[in-house]
Amino acid sequence: MSSTDVRNEAEDSGPSGYAAARLRLLTEGARSGPPRRAALAELTDEWLTGLFAAGAEGMRGVCLIAVGGYGRGELSPRSDLDLLLLHDGGDSKAVAALADRIWYPVWDLGLALDHSVRTPAEARKTAGEDLKVQLGLLDARHIAGDLGLTAALRTSVLADWRNQAPKRLPELQELSTERAERQGELQYLLEPDLKEARGGLRDATILRAVAASWLADAPREGLDDARRRLLDVRDALHLSTGRATDRLALQEQDQVAAELGLLDADTLLRQVYEAARVISYASDVTWREVGRVLRARAVRPRLRAMLGGGAKPTAERSPLAEGVVEQDGEVVLARAARPDRDSVLPLRAAAAAAQAGLPLSLHAVRRMAAGARPLPTPWPAEARQQLVTLLGSGRPTVEVWEALEAEGLITHFLPDWERVRCRPQRNAVHIWTVDRHLIETAVRASEFTRRVHRPDLLLVAALLHDIGKGWPGDHSVAGEIIVKDVAARIGFDRDDVAVLSTLVRHHLLLVDTATRRDLEDPATVRSVAEAVGSQGTLELLHALTEADALATGPAAWSSWRGSLVADLVKRVGAVLAGDDPDEPEAAAPTAEQERLAIEAIATGSPVLSLRAQTEPPTEEQPSGDPEPLGVELLIAVPDQPGVLPAVAGVLAMHRLTVRTAELRALDLPDGVEGSVLLLNWRVAAEYGSLPQAARLRADLVRALDGSLDIAGRLAERDAAYPRRRGVVAPPPRVTVHPAASRLATVIEVRAQDAPGLLFRIGRALEDASVRVRSAHVSTPGANAVDAFYVTGPEGAPLPGEEAAAVARKLEETLRG
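Cut-offs used in this document
Residues numbered from 1 in each chain as written. Predicted model: local features only at pLDDT ≥ 70, side-chain atom pairs only at ≥ 80, totals over all residues. Heavy atoms only, no water. Buried < 20%, exposed > 50% of the residue type's maximum accessible area, 1.4 Å probe, protein only. Helix = DSSP H or I, 4+ residues; strand = E, 2+ residues; numbered from the N terminus. Arc of directions from axis to C-beta. Contact = heavy atoms within 4.5 Å. Salt bridge = Lys/Arg side-chain N within 4 Å of Asp/Glu carboxyl O. Pairing = 2+ DSSP bridges. Polar contact = N/O pair within 3.5 Å; in protein donor to acceptor, adjacent residues only side chain to side chain.

Asks: Could you clarify how one ought to interpret helix α5 (residues 120-129) in this entry?
Replies: An α-helical segment advances 3.6 residues per turn. Residues three or four places apart therefore align on the same side. For α5, the complete set of buried residues consists of Ala-123, Thr-126 and Ala-127. The buried residues of α5 all sit within an arc of 100° when viewed along its axis, so they share a single face. Exposed side of α5, more than 90 degrees from the buried face: Ala-121, Lys-125 and Glu-129 are the residues found there. The inward-facing, buried residues of α5 abut β2 (81-87), β3 (113-118), α6 (131-137) and α7 (147-183).

Asks: Before we go on, may I ask you to explain the pattern of salt bridges in this structure?
Replies: It is possible for side chains bearing opposite charge to pair when their charged atoms get close. Using the criterion set out here, one finds 55 salt bridges in the structure. Between Arg-168 and Glu-171 there is a salt bridge, with its nearest N and O atoms 3.7 Å apart. Linking Arg-168 with Glu-171, this pair stays in helix α7, spanning three residues, or about one helical turn. The class for Arg-168 is buried, based on a relative accessible area of 5%.

Asks: What is the right way to read the pairing of strand β14 (residues 771-778) from this model?
Replies: One face of the sheet, then the other: side chains in a regular strand alternate in exactly this way. Counting buried positions along β14 gives six out of eight residues, so the element sits mostly inside the fold. Pairing of strand β10 (residues 656-666) with β14 involves three bridges; the strand directions are antiparallel. When the bridges of β14 are listed, Thr-660 appears paired with His-776. Summarising the sheet, β14 and strand β15 (residues 783-791) pair through seven bridges and their orientation is antiparallel. Its bridge partner being in β15, Arg-771 is matched across the sheet by Thr-791.

Asks: How should I be thinking about the side chain of Thr-745 in this particular structure?
Replies: Within the fold, Thr-745 resides in strand β13 (residues 745-752). A relative accessible area of 5% places Thr-745 in the buried class. A distance of 2.8 Å separates the side chain of Thr-745 from the backbone nitrogen of Leu-798, its partner in a polar contact.

Asks: How should the environment of Glu-812 be read in this particular structure?
Replies: Take Glu-812: it is sitting in helix α30 (residues 800-815). Judged by relative accessible area, Glu-812 falls into the exposed class, the value being 53%. Placed 78 residues apart in sequence, Glu-812 and Val-734 show a C-alpha to C-alpha distance of 9.2 Å.

None of this, on its own, says anything about what the molecule does.
Structure representation (structure tokens):
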């Protein structure tokens, strides 16, 4: 059906005809994007014009105006209709009746309506008081009635905006900043608001308003396409959900991607991120230009008075590096700079800008991009040094890197960057895309350059440690291969390339081992030492591990994790220095442990104590309160079956998260008969305060004697939780690591975290008649990664076939 046919159908049949024509238009498979939005606006214009004409017969000095997105002729399927009924102050009753003749049919069709009835003076007054109204009026478009009234309002509103711009633009920028802090950055969010997040449709509209002020204009290249792409995504979101929403929720992304003909949700997010990055960068450049113009306007009259009204003063230029100068708060190229002859110039300019804490000017970046020459292979020493200087400049590196990336200079120097650019990470722990995470890691690593012998290797490893995420398979393995090539091209020698590839291959080794393996087991420490190879590499890996975790997000690092990693590094360092630890001897019990054990034997029941563990203030926080590492839970229990599931279940009932868990038989003093199990666990409350020790002990007694139905209680609580749609978690996986220890069999469980998970695991292991020597639990985001050191009843590691059978049975239990 053609647009003319659609309009005729709407005109012939009134509101019901409009509804049918609208539905037909939205379900036409052949029309989408800007043509559909324009056609929907045109169809709506025709319908509203008919409503206006029927109610305004014989009236003068009144018109109907579309504002906002509708004024721009961009109607998404579920967009509001923003309408202004403008009148010259004549017959108020007639105007009110006309408004009802228009508004009620719109409401009757269930369309969202943002409406107002004003005179030109009232409209201008309201715009002067409300920025949102003023921005909407900048896009005012005539629909029906007195065209002269519309034209006069547009002219006066635009004149007001330009006259008031020096005052209103700073206000608008402040509101934009506050909105960005509330909504976050669109280019990094897994469930972004396409309109309100920074880099979204609201910012694109604001850039149009800034351009209308004539004070500054945004970079135009790619901006219209980025805005169109976000509008297309919003259209698909409206159609797939049937709701007027701007939030691209996880559960909607596959359907929206299919609506747009994209491969999958990751492809969709990557396109959204790319569009948001264009708009965010254009906003940064534009607001910087607004600030520069307003500062110049404030200073110029005073300068002219000082110069006696003479020639316009020229901006001062201060040298920063060869071919690079500072001018008016930005880094620009010197007049004699030749990007087409100086292949290192972009890196030199970027390093100078980051070191000075100044932005690169848009003109300079574009000039360098237009004349960029490829660097020779390997890079000259200066290029490598300038890259390291840029990466080591701290927080200013981010803005400079984004400016280079906006004009394609990053992939010019590092082609492998293209595969990780704007790549989403569907992991609750990560708060950045892959590329931004790499830059954030370099920023964090710059804080540790004083504690390593080769800061350059640390910074480059930080930049490239996740470069393999653009390829299938284990990203650490892929990254090792890529880094060998990249590091050689950058100009590092063979030994340095080997160190960098080791750092990338094993950048998760320390934190994974420290949180999931028994550090008292010599096999654990030796395996790490063999992988690392040298003290220098260990030192770099320790710093990279911390920088990587800090750059991941708040859930990835804590003082507790830091203390475990530091302990592992100390042990590995001793092995690399030549010490070869013997098989560990059971540590002598402390006075507190011995007291609890004797009391447990005397009473024939479990006894426990809770004690907070804290870390003293650090150099970075010298005056802060000690940071909690968790709470140490000591439990002594007469040796009996079912201890692990009983304790884990009671802790789950009391909403306590287990961070580490160790179980061992305790040697009692001479003269004390009996066998006691000692559990030394570190726990933390999910929320609220810790339960009283007496309540924990009472429930543990009931759990061990069978009078407390832990499984039933946990099932009831799980059933009470609201079921939410979301990403379907992958099934649990249980694996055996036969070479991880000579003292026990290591069984690793990876599963979606849930209340009572450790209880279910413990009960399954108990049913398999194995003894748990120690447990090491870790929960990065929503994923639990728990390692259990188990033995047979006699205390020896399990034979291979038996270990595999236990793992299979445990996996079946968790999947069921």
